[in-house]
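Chain by chain, the residues:
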Amino acid sequence: MENLKPIVLIDDDIDYIDLMVEAYGTLPYRNKLLIFHDSIRAYEHLVENSIAPFLVISDIIMPKMNGFELRENIQANPKFSGHMVPFVFLTGAAELPHSSNKSLAENGFFEKKSDFQDLRKTLDEIINYHYNMVEV
């Protein structure tokens, strides 16, 4: 089933990844998490293993390859042709494009939440939205 494909989490902040993993563990979803602290390693792993994930949740500002470049590389790779790989970006408020919060969410940008309950709620909303998109 489509929604059992893995969810990819990418952030060079190890503590934030740990917080996301903990928050995800409290949610009802059972997709396997693929965790990366380096976007190049994430890309290589997905390509080498021909994994078209259910969802990629990524930081934008990372060394070597930023989140936008990662998305472009995945979309351009022939191994992913025919697969829609949705990207959502969690990033610091200072890095967000200037727009209303609703508009940002509609375009896949979410502010990083340091409060556990806020992060949990945000992850739940993101994943639930994509589950509903698959079922439509």
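Residues numbered from 1 in each chain as written. Predicted model: local features only at pLDDT ≥ 70, side-chain atom pairs only at ≥ 80, totals over all residues. Heavy atoms only, no water.

J.: Which parts of the structure should I look at to understand a negative patch on the surface?
T.: Judged by side-chain charge, Asp12, Asp13, Asp15, Asp18 and Glu22 come together as a negatively charged surface patch. Mapped onto the elements of the fold, aspartate 13 is located in the loop between β1 (7–10) and α1 (14–25). According to the relative accessible area criterion, aspartate 13 is partly exposed, its value standing at 35%. (Patch = residues over 30% accessible without salt bridge, like charges linked within 9 Å, V, L, I, M, F, W, Y side chains within 5 Å. Areas by Shrake-Rupley, 256 points an atom, 1.4 Å probe, with all protein chains shown as cover. Salt bridge = Lys/Arg side-chain N within 4 Å of Asp/Glu carboxyl O. Lys, Arg positive; Asp, Glu negative; His and termini not counted. Charge placed at Lys NZ, Arg CZ, Asp CG, Glu CD. Helix = DSSP H or I, 4+ residues; strand = E, 2+ residues; numbered from the N terminus. Buried < 20%, exposed > 50% of the residue type's maximum accessible area, 1.4 Å probe, protein only.)

J.: Is there a simple way to think about the nonpolar core in this case?
T.: Proteins that are soluble and globular tend to have nonpolar side chains buried together. Judged by nonpolar contacts, the single largest core of 22 residues is most densely connected at Ile7, Met20, Leu55, Ile57 and Ile127. If you list the elements that add at least two residues to this core, you get β1, α1, β3 (55–58), β4 (87–91) and α5 (116–135). Of the residues forming this core, the biggest block, six residues, is contributed by α1. Of all hydrophobic cores here, the second largest spans 21 residues; its members include Val8, Val56, Phe80 and Phe89. (Core = buried A, V, L, I, M, F, W, Y, C linked by side-chain atoms within 4.5 Å.)

J.: Where do I start with the sheet that holds β1 in this structure?
T.: Pairing between the strands of a sheet comes from backbone hydrogen bonds, and it takes one of two forms, parallel or antiparallel. Strand order in the open sheet made by the five strands is β2-β1-β3-β4-β5, with parallel pairing throughout. Every other strand in the sheet has two partners, leaving β2 (33–36) and β5 (109–111) as the edge strands with one partner each. Direction aside, the axes of adjacent strands within the sheet are offset by 20° on average. With respect to the sheet, helix α3 (residues 67–76) is in contact with β1, β3, β4 and β5, its orientation differing from that of β4 by roughly 170°. (Pairing = 2+ DSSP bridges. Axes fitted to C-alpha atoms, helices over the stretch in contact; angles between N-to-C directions. Contact = heavy atoms within 4.5 Å.)

J.: Hey, could you run me through unusual backbone geometry in this one?
T.: Where the residue is not glycine, phi is negative for most of them; where a peptide bond is considered, it is trans in most cases. Its identity as a non-glycine residue notwithstanding, serine 50 has a phi of 50°, on the positive side. The phi dihedral of lysine 64 is positive, around 75°, even though this residue is not glycine. Tracing the backbone shows lysine 64 in the loop between β3 and α3.

J.: What is the right way to look at the packing of aromatic side chains in this model?
T.: Given two aromatic rings, their pairing is described by the distance between the two centres and the angle made by the two planes. Taken as a whole and judged by the stated rule, the model has four aromatic pairs. With a centroid separation of 5.1 Å and an interplanar angle of 65°, the aromatic rings of phenylalanine 54 and tyrosine 131 are classed as edge-to-face. With phenylalanine 54 in the loop between α2 (39–48) and β3 and tyrosine 131 in helix α5, this residue pair connects regions lying 77 residues apart in the sequence. Three or more aromatic residues link up through ring pairs in this structure, and these residues are Tyr29, Phe54 and Tyr131. Between lysine 112 and the ring centre of tyrosine 16, over which it is positioned, the NZ or CZ distance is 4.9 Å. (Phe/Tyr/Trp six-rings, centres within 6.5 Å; stacked < 30°, edge-to-face > 60°. Lys NZ or Arg CZ within 6 Å of the ring centre and 35° of its normal.)

J.: Got a minute to help me understand the UniProt feature "modified residue: 4-aspartylphosphate" (unreviewed entry) in the protein in this structure?
T.: UniProt feature "modified residue: 4-aspartylphosphate" (unreviewed entry): in the numbering of this structure it lies at Asp59. As for its position among the elements, aspartate 59 is in the loop between β3 and α3. (UniProt positions renumbered as here; feature names shortened; annotations may be inferred.)

J.: Honestly, the packing of α2 against α3 in this entry has me stumped. Any pointers?
T.: When two helices pack together, their arrangement is captured by the angle between the axes and the distance separating the axes. Interaxial distance between α2 and α3 falls to 10 Å at its minimum, and their mutual angle equals 15°. Taken as axis vectors, α2 and α3 run roughly parallel relative to one another. Between α2 and α3 lies a crossing of right-handed hand. Contact residues: α2 offers Ser39, Tyr43 and Leu46, while α3 offers Leu70, Asn73 and Ile74. Taken together, the residues of the contact of α2 with α3 sort by class into four nonpolar, two polar and no charged. (Parallel < 35°, antiparallel > 145°, perpendicular 65-115°, else oblique. Left-handed = near helix turned anticlockwise from the far one by under 90°. Nonpolar A, V, L, I, M, F, W, Y, C, P; charged D, E, K, R; others polar.)

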